[in-house]
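Residue-level listing of the chains:
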Amino acid sequence: MLEHMLDGLVVGGGLAGLTAARILTKAGRRVRVLEAAAEVGGRVRSREVEGFTLDAGFQVLFPAYPAARRQLDLDALDLVPLPSAAAVRRGEREDVLGSPLDDLASLPATLKSGALTLTDKLRVARLAAALRASPAHELLTGPDESTEAFLRAQGFSEAALDHFFRPFFGGIFLRRDLATSARLFRYYFRMLMDGGAALPRRGMGEISRQLAQGTDVLTGVKVLRLLPRPGHVTAVTSAGEIDARQVIVATDAPAASDLTGEALTRGALSSTYLYYATSRRISGQHRLLLNAEAGLINNAQWTSLAVPGRAPAGQHLLTVTVLGLPEVDDAALDARVRGELSRWYGAEAAGTLRLLGLERLPYAQFEQPAGYAATLPGHATRLPGVLLASEVTSMSGIQGALESGEKAAAIVLGDLTGMSRPRGA
Ligand SMILES: Cc1cc2nc3c(=O)[nH]c(=O)nc-3n(C[C@H](O)[C@H](O)[C@H](O)COP(=O)(O)OP(=O)(O)OC[C@H]3O[C@@H](n4cnc5c(N)ncnc54)[C@H](O)[C@@H]3O)c2cc1C
């Protein structure tokens, strides 16, 4: 791998690293991305299993993310909008709830549902109006508290918290206790109102593949150490050494801590996913399913109903989200999740489900409790010539990853507009 000095080396081919590399490449810099895994994308990947397209965990794109609008060709992603209502499951009972994205009054099913009281529905509408009043990025500033404290201060009932907010935002924040910063709750709520949620037809991995186009990426190469030298940095990798004038570390926080010596780790949130195939149309529900009862399942989706084409003809795909890393083996976990699905659909229908895949993600997001923003690291590191990208400089999500890549590139290019853009803008 020894060759002429690169202008820039990006460590990590997730969304942050790919974004930084893409901007620098377009600006005419000679930049290479080194990615330890066999393919790019980091946490945003998809794979084909027996003709089914499985995303790495259940995640969605909010097309209103400002950085997504700047960096992605949203049309080329062929986005399929997800229904703006959710179905709240309590055993056999299913209540359709208009999510905060829309005018609730336009959804008769919402108004009929017993999952929220009428007063709670009006509070959702009032909250939505209040959050529309300012530019979205300003919702990331101001006083902070937990999402739960914020929702209680808004007057929401216990039932609203348990039936809607815990499972819905549990799926976004990967924790059901609503301990995540209320600033983030307000920001994501606004993103949902501004553009809903969508999935690329061919999988979330399309986002990463699109960002990687036209960029020099070497996969299967792990960077082991960074050695600052006069005028350049030497990266010691699993495939030899490589020199670059500047290095952008765009790995997950634990790896970035190891490489830079900075204290970046903020606590990990884990999640687990089970993918089921069946040839039986067990349900016609294409909306997000929220489990309002105690149990392992937080949320689930008939992915093939929401995004036709994710399953082969005549087949259906159900993706189940379990928060955390349950301490049971795969067979026991499958059996317990199946038991919960039996309560939803009956034992016979649940018996037709075939486990296609099971994925445990120990590091899906980093923890973002109230006040977390005050502890965010900047892009500089103690190593001369080494900058940081990665969501860990911003917020744990696609907007955070993309904007951190943008900012690292702006610093390299001396682009003042890019450097001074507020978080979330
Ligand atoms: C299950 C799940 C659900 C999510 N849901 C959502 C959602 O709905 N909406 C949303 O906005 N966000 C969501 N997120 C978060 C979002 O996916 C992440 O914020 C984002 O992908 C982080 O990108 P990144 O580039 O900062 O880091 P990563 O994706 O972690 O990329 C880092 C890359 O660095 C590589 N690497 C690490 N060490 C080295 C090394 N030493 N040498 C070379 N390469 C290395 C890794 O292999 C990886 O590819 C979710 C995440 C998960 C996992």
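Small disclaimer: the values here were computed from a predicted structure and weren't measured.

Ordered by their spatial adjacency, 7 strands build an open sheet running 7-6-14-15-16-13-17, and the pairing between neighbours is mixed. Each of the sheet's edge strands pairs with one partner strand only, and the pair in question is strand 7 (93–98) and strand 17 (354–366). Taking the axes of each pair of neighbouring strands and ignoring which way they run, one obtains an average angle of 25 degrees across the sheet. Each of strand 6 (85–90), strand 13 (268–278), strand 14 (288–291), strand 15 (297–302), strand 16 (316–323) and strand 17 touches helix 11 (residues 330–345); the most contacted strand, strand 13, lies at about 65 degrees to it.

Counting 115 residues, the largest nonpolar core has Phe-165, Phe-189 and Leu-226 as the members making the most contacts within it. If you tally residues by element for this core, the top one is helix 7 (residues 182–195), at 9 residues. Leu-226 has contacts with Val-233, Thr-234, Ala-235, Val-247, Val-249, Leu-259, Leu-383 and Val-386, leaving out every residue within four places of it along the chain. Grouped together as the second largest cluster of nonpolar side chains are 21 residues, Leu-289, Ile-297, Val-322 and Val-337 included.

What follows is about the site of the ligand. The environment of the ligand is formed by 33 residues, the closest being Glu-35, Arg-43, Tyr-65, Glu-391 and Ile-398. Glu-391 is positioned such that a nitrogen or oxygen atom in its side chain is 2.5 Å from an oxygen atom of the ligand. Its free accessible area being 1000 Å², the ligand has 94% of it covered by the protein chains. Where the shell around the ligand is concerned, the elements lending two or more residues are helix 1 (15–26), strand 2 (31–35), strand 13, strand 17 and helix 13 (398–413). Taken together, the residues of the shell around the ligand break down into 18 nonpolar, 10 polar and 5 charged. The two domains that each donate at least three residues to the shell around the ligand are domain 1 (6–44 + 204–267 + 370–420) and domain 2 (46–79 + 199–203 + 268–366).

This next bit is on the packing of helix 6 (residues 158–173) against helix 7. Contact geometry of helix 6 with helix 7 gives a least axis separation of 12 Å together with a crossing angle of 90 degrees. Judged on the interaxial angle alone, helix 7 and helix 6 are roughly perpendicular. Seen from helix 6, the contacting residues are Phe-165, Phe-168, Phe-169, Ile-172 and Phe-173; seen from helix 7, they are Leu-184, Phe-185, Tyr-188, Phe-189 and Leu-192.

In strand 14, alternate side chains face the same way, and those of Leu-288 and Leu-290 on one face and Leu-289 and Asn-291 on the other are all buried. Judged from the 4 bridges that link them, strand 6 and strand 14 form a sheet pairing that is parallel. Within the sheet, the bridge partner assigned to Ala-87 lies in strand 14 and is Leu-289. Bridge count between strand 14 and strand 15: 2 bridges; the pairing is antiparallel. Counted as the bridge partner of Leu-290 is Asn-299 from strand 15. Hairpin connection from strand 14 to strand 15: 5 residues lie between these consecutive antiparallel strands, with Gly-295 at a positive phi of about 160 degrees.

Let's shift gears to the packing of aromatic side chains. Aromatic ring pairs are described here by two measures, namely the spacing of the ring centres and the angle between the planes. Throughout the structure, instances matching the rule amount to 19 aromatic pairs. Ring centres 6.4 Å apart and planes at 25 degrees place the aromatic pair Phe-165 and Phe-169 in the stacked group. Placement of the pair is Phe-165 and Phe-169 together in helix 6, with a separation of 4 residues, close to one helical turn. We classify Phe-169 as buried; its relative accessible area is 0%. Taking NZ or CZ as reference, Arg-89 lies 5.3 Å from the ring centre of Tyr-345, over its face. A cation over an aromatic ring shows up here: Arg-186 above the ring of Phe-150, its NZ or CZ 4.7 Å from the ring centre.

Another point: the UniProt feature "binding site: FAD" (unreviewed entry) in the protein. Here the UniProt-annotated "binding site: FAD" (unreviewed entry) positions come out as Glu-35 and Ala-36. Mapped onto the fold, Glu-35 is located in strand 2. A residue is classified by how much of its surface remains accessible, and Glu-35, at 9% relative accessible area, is buried. The contacts of Glu-35, once residues within four sequence positions are left out, are Gly-12, Gly-13, Gly-14, Val-40, Leu-218, Thr-219, Gly-220 and Val-221. If you trace the backbone, Ala-36 turns up in the loop between strand 2 and strand 3 (46–49). Judged by relative accessible area, which is 45%, Ala-36 ranks as partly exposed. Apart from the residues within four sequence positions on either side, Ala-36 is in contact with Gly-220, Val-221 and Lys-222.

Calculation rules
- Residues numbered from 1 in each chain as written.
- Predicted model: local features only at pLDDT ≥ 70, side-chain atom pairs only at ≥ 80, totals over all residues.
- Heavy atoms only, no water.
- Pairing = 2+ DSSP bridges.
- Helix = DSSP H or I, 4+ residues; strand = E, 2+ residues; numbered from the N terminus.
- Axes fitted to C-alpha atoms, helices over the stretch in contact; angles between N-to-C directions.
- Contact = heavy atoms within 4.5 Å.
- Core = buried A, V, L, I, M, F, W, Y, C linked by side-chain atoms within 4.5 Å.
- Buried < 20%, exposed > 50% of the residue type's maximum accessible area, 1.4 Å probe, protein only.
- Near = heavy atom within 4 Å.
- Polar contact = N/O pair within 3.5 Å; in protein donor to acceptor, adjacent residues only side chain to side chain.
- Areas by Shrake-Rupley, 256 points an atom, 1.4 Å probe, with all protein chains shown as cover.
- Nonpolar A, V, L, I, M, F, W, Y, C, P; charged D, E, K, R; others polar.
- Domains from an automatic or database assignment.
- Parallel < 35°, antiparallel > 145°, perpendicular 65-115°, else oblique.
- Phe/Tyr/Trp six-rings, centres within 6.5 Å; stacked < 30°, edge-to-face > 60°.
- Lys NZ or Arg CZ within 6 Å of the ring centre and 35° of its normal.
- UniProt positions renumbered as here; feature names shortened; annotations may be inferred.

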